[in-house]
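# Structure at a glance
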There are 2 protein chains.
Amino acid sequence: MRKTASTNTINKEQLEANCGIAYTNSVLSGRWKLSILAFLLDEKKLRYSELRNRLTGISERMLIAKLKELQADDLINRISHPEVPPRVEYELSEKGKSLESILIQMAKWGTKNATKNRNT
Amino acid sequence: MRKTASTNTINKEQLEANCGIAYTNSVLSGRWKLSILAFLLDEKKLRYSELRNRLTGISERMLIAKLKELQADDLINRISHPEVPPRVEYELSEKGKSLESILIQMAKWGTKNATKNRNT
DNA sequence: GAAAGTACATACAAAATTGTATGATACCGA
DNA sequence: TCGGTATCATACAATTTTGTATGTACTTTC
């Protein structure tokens, strides 16, 4: 990354970097998506109910909503088995898998830097 | 990362990974923080008004709130010059700089994967 | 002496996100 | 026929996040 000291101009590099960051942020931000992706990265394939058990505190409403958004952004695949009772599995898509190193780094950074003194 | 196929148990690795991710998410999530950090990473040191100009669309209320949160999480330093008119500069702290490779990867991933068809 | 710049603060309102409660479906076992 | 299971859907409410408008202190510029 380069430095441009001009007071009021933003160069193309910066705009693009920010653009990329903004998109990444838009598909990952929120309270649950990163955790969902992390579990799927770790366990390859999980049923709806398994995800629900792992994501302590999430409501079914949120889980479904976030799974849908992740599908819409093509980060995960939904595999529905037409059985009774129904069985639905989720796994990372190729695009989702391409986030692997970012997720791992975020996990490591978090473990290293997590502090206890967070109020609010 | 390892795989544990047990239906209802989460192993320590997963919990810690998720814990780390959760912390990272908590300090980075939201609409503006990543962009603020990206600009500071790129330009090293920026005044309040320079940040405001770069973050198109942000309100002063949000900018200040987010700068405060980033300070509270020790990701940025605030350098206040006791002059008139006031001059305040912001820069990444060491902890903030340690996010560099994550930020760069997120920018690259976003640039590569950004799609145009995002409604909602 | 009125306006404008700088880095904020504060009250209020709108919008987005998340949570709660309940229902739907479709089958199986008792 | 009643209850149980699994994967959602839907109405509604609470909470959190974000936006708008305005004010402040001080000084330089017009």
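Notes on the structure follow. If you're wondering where the values come from, they're calculated on a predicted model, not measured in any experiment.

## Quick look at the overall build of chain A
Each helix and strand counted, chain A has 6 helices and 3 strands in total. Ordered by position from the N terminus, the helices and strands of chain A form the series α-α-β-α-α-β-β-α-α. In chain A, of all internal contacts separated by at least 6 residues, the share reaching a separation of at least 24 is 45%.

## A word on the sheet that holds strand E3 (residues 87-92) of chain A
Residues and elements named next belong to chain A. Read from one edge of the open sheet, 3 strands run E1-E3-E2, paired in antiparallel fashion. The open sheet has two edge strands, strand E1 (45-47) and strand E2 (76-81), and neither has a second partner. Going across the sheet, the axis of each strand differs from the next one's by a mean of 25°, ignoring polarity. Inspection of the sheet shows E1 paired to E3 by 3 bridges, in the antiparallel sense. Bridged to Lys 45 within E3 is Glu 91.

## Focus: the sheet that holds strand E1 (residues 45-47) of chain B
All names here are of chain B. Overall, antiparallel pairing links the 3 strands, which are arranged E1-E3-E2 in an open sheet. Of all the strands in the sheet, just E1 and strand E2 (76-81) have a single pairing partner and so form its edges. Adjacent strand axes in the sheet meet at a mean angle of 25° when their direction is disregarded. Here helix H2 (residues 33-43) sits on the sheet and contacts E1, E2 and strand E3 (87-92); the angle it forms with E3, its principal contact strand, is near 90°.

The rules behind the values
The numbering scheme is per chain: residues are counted from 1 as the chain's sequence reads. Key to labels: chains lettered from A, ligands numbered from 1, both in the order written. Note on the predicted model: pLDDT of at least 70 is required for a residue's local features to be given, and 80 or more for side-chain atom pairs to be given and counted; whole-chain, interface and lining totals, by contrast, use all residues. Per the convention used, a helix needs a DSSP run of H or I reaching at least four residues, while a strand needs a run of E reaching at least two, with both numbered from the N terminus. We call two residues in contact when their backbone-placed C-beta atoms lie within 7 Å. DSSP calls a pair of strands paired once it identifies at least 2 bridges connecting them. Structural elements are reduced to axes, namely lines fitted to C-alpha atoms, with helices fitted over the stretch in contact, and the angle between N-to-C directions of any two is expressed from 0 to 180 degrees.

The analysis is restricted to geometry; functional conclusions fall outside its scope.
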